[in-house]
Amino acid sequence: MAGDKNLSETQLEAAIWYVRHKLLLMRLGLGALMALAAVFWAYTLFGIGRDFLGFGQRRTVEQQLTATLADEVQKPADLELGGVEILSAGEFTDLVVRVRNPNTQWYAQFQYTIGVGEEIRDEPTGFLLPGEERPFVGTFRARASGQPIFNIGKVSWRRIDPHNITDFEAYKNERLNFAYENQEFAPAVVEGAGTVSRARFTLINKTAYSYHEPRFIVLLHRGSKLVGAQRIVADKLRSGEKRPIEISWFIRLGAVSNIEVIPEIDILEEGVYLKPGT
């Protein structure tokens, strides 16, 4: 009974203390909850502020990563080397190397080295238009049995801007629209200087553009075999002009079944065009 009495007195004292301090306890509990809430909101606001302040930097990093990935995806493929042919032309040797740009939206400028045996020449102004395949021709005083050399140096790529050129194929066709009529070949004519073979044709500029010094590659074929090659320059070729062309080889070439003419004009460079009045 004494234990029950003591327990009752203890409980009674605790109850009296609680009643007396109930308001204080409520205030303390409310204060603790408010402090906890303040800590929570302070952390939340800190996180929001940190994200907000770091958004610009993160956005920049994301853009850089996106641009890097895009560059990797859109990176132009390497130029492709095709067939190599060595043609004997009397005291000279012609080297013909076909090179292809497989990229339809990328223009390539480069330096290259071409040669036969120990006679090597550095060419500083090679180019290929988007999607273009073209023979590169060099003539050398070297034996045809020499080792052919063709090396492409550093390539500078330039992407075609669709805002400036929406359809590059149409753009190219408008500027490289040439005709080659009245083709004729004389396989061997004996003159004072010796035996001469000649190719003749009429070059017609059917474009709306006049050119300063347009270059052309002339290839002679006997069936599927290439038997002759030269580069020529048609000085100041004007729009609509028809110009007779004659090219000589100081060697007996034999029969020729086809004369192929390929323009070598960098239509993306302003310097190739004649200015009005010139």
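Residues numbered from 1 in each chain as written. Predicted model: local features only at pLDDT ≥ 70, side-chain atom pairs only at ≥ 80, totals over all residues. Heavy atoms only, no water.

### So, the side chain of Glu132
Thought 1: Secondary-structure assignment places Glu132 in the loop between strand E4 (119-128) and strand E5 (133-140).
Thought 2: Setting aside its immediate chain neighbours within four residues, Glu132 contacts Val99, Arg100, Asn101, Phe127 and Pro263. (Helix = DSSP H or I, 4+ residues; strand = E, 2+ residues; numbered from the N terminus. Contact = heavy atoms within 4.5 Å.)

### Focus on the nonpolar core
Thought 1: In this structure, Phe201, Phe216, Leu220 and Ile259 are the most contacted members of the largest nonpolar core, which totals 33 residues.
Thought 2: Only helix H2 (168-175), strand E7 (178-191), strand E8 (194-205), strand E9 (215-222), strand E10 (225-233), strand E11 (242-249) and strand E12 (258-264) provide two or more residues apiece to this core.
Thought 3: Core analysis: the second largest hydrophobic core is formed by 14 residues, Val97, Phe110, Val116 and Phe150 among them. (Core = buried A, V, L, I, M, F, W, Y, C linked by side-chain atoms within 4.5 Å. Buried < 20%, exposed > 50% of the residue type's maximum accessible area, 1.4 Å probe, protein only.)

### Points about the side chain of Asn103
Thought 1: Summarising the element assignment, Asn103 is placed in the loop between strand E2 (92-100) and strand E3 (106-116).
Thought 2: A distance of 3.0 Å separates a polar atom in the side chain of Asn103 from a polar atom in the side chain of Asn101. (Polar contact = N/O pair within 3.5 Å; in protein donor to acceptor, adjacent residues only side chain to side chain.)

### Quick word on the sheet that holds E12
Thought 1: Pairing in this open sheet of three strands is antiparallel, and the strands run E10-E9-E12 from one edge to the other. In this open sheet, the two edge strands, each paired with only one partner strand, are E10 and E12. Sheet twist, expressed as the average angle between the axes of neighbouring strands with direction ignored, equals 20 degrees.
Thought 2: In this sheet, E12 lies alongside E9 in antiparallel orientation, the contact comprising seven bridges. The residue bridging Arg215 from the neighbouring strand is Glu264, located in E12. (Pairing = 2+ DSSP bridges. Axes fitted to C-alpha atoms, helices over the stretch in contact; angles between N-to-C directions.)

### Some points on unusual backbone geometry
Thought 1: One non-glycine residue, Asn182, adopts positive backbone phi at about 55 degrees.
Thought 2: Mapped onto the fold, Asn182 is located in strand E7.

### Let's talk about the sheet that holds strand E1 (residues 80-89)
Thought 1: Here we have three strands laid out as an open sheet, ordered E1-E2-E5, and antiparallel in their pairing. With partners counted over all chains shown, the strands left at the sheet margins are E1 and E5, one partner each. The sheet shows a mean angle of 15 degrees between the axes of neighbouring strands, direction not considered.
Thought 2: Pairing analysis gives eight bridges linking E1 to E2, with the strands arranged antiparallel. Its bridge partner being in E2, Ile86 is matched across the sheet by Leu95.

### Quick look at the packing of aromatic side chains
Given two aromatic rings, one states the distance between the centres and the angle between the planes to describe the pair.
Thought 1: This model, assessed by the stated rule, comprises twelve aromatic pairs.
Thought 2: Centre to centre, the rings of Phe110 and Phe136 are 6.0 Å apart; their planes meet at 45 degrees, and the pair counts as tilted. With a gap of 26 residues between them, Phe110 in strand E3 and Phe136 in strand E5 connect regions that are remote in the sequence. When sorted by exposure, Phe110 lands in the same class as Phe136, which is buried.
Thought 3: Among the aromatic side chains, those forming a connected cluster through ring pairs are Phe178, Tyr180, Phe201, Tyr209, Tyr211, Phe216 and Tyr273.
Thought 4: Sitting over the face of the ring of Phe127, Arg134 holds its NZ or CZ atom 4.5 Å from the ring centroid.
Thought 5: The ring centre of Tyr171 lies 3.6 Å from the NZ or CZ of Arg175, which sits over that ring. (Phe/Tyr/Trp six-rings, centres within 6.5 Å; stacked < 30°, edge-to-face > 60°. Lys NZ or Arg CZ within 6 Å of the ring centre and 35° of its normal.)

### Overview of H2
Thought 1: Within the sequence span of H2, burial applies to Phe168, Tyr171, Lys172 and Arg175. Axial view of H2: buried residues confined to an arc of 95 degrees, hence all on one face. (Arc of directions from axis to C-beta.)

### A few points about the pattern of salt bridges
Thought 1: Within the structure shown, the criterion is met by eleven salt bridges.
Thought 2: Measuring nitrogen to oxygen at the nearest pair gives 2.7 Å for the salt bridge that ties Arg100 to Glu80. Of this pair, Arg100 sits in strand E2 while Glu80 sits in strand E1; the two residues are 20 residues apart in sequence, bridging distant segments of the chain.
Thought 3: In this structure, Glu264 and Arg231 form a salt bridge, with 3.0 Å as the shortest nitrogen-oxygen distance. With Glu264 in strand E12 and Arg231 in strand E10, this pair connects stretches of sequence that are 33 residues apart. (Salt bridge = Lys/Arg side-chain N within 4 Å of Asp/Glu carboxyl O.)

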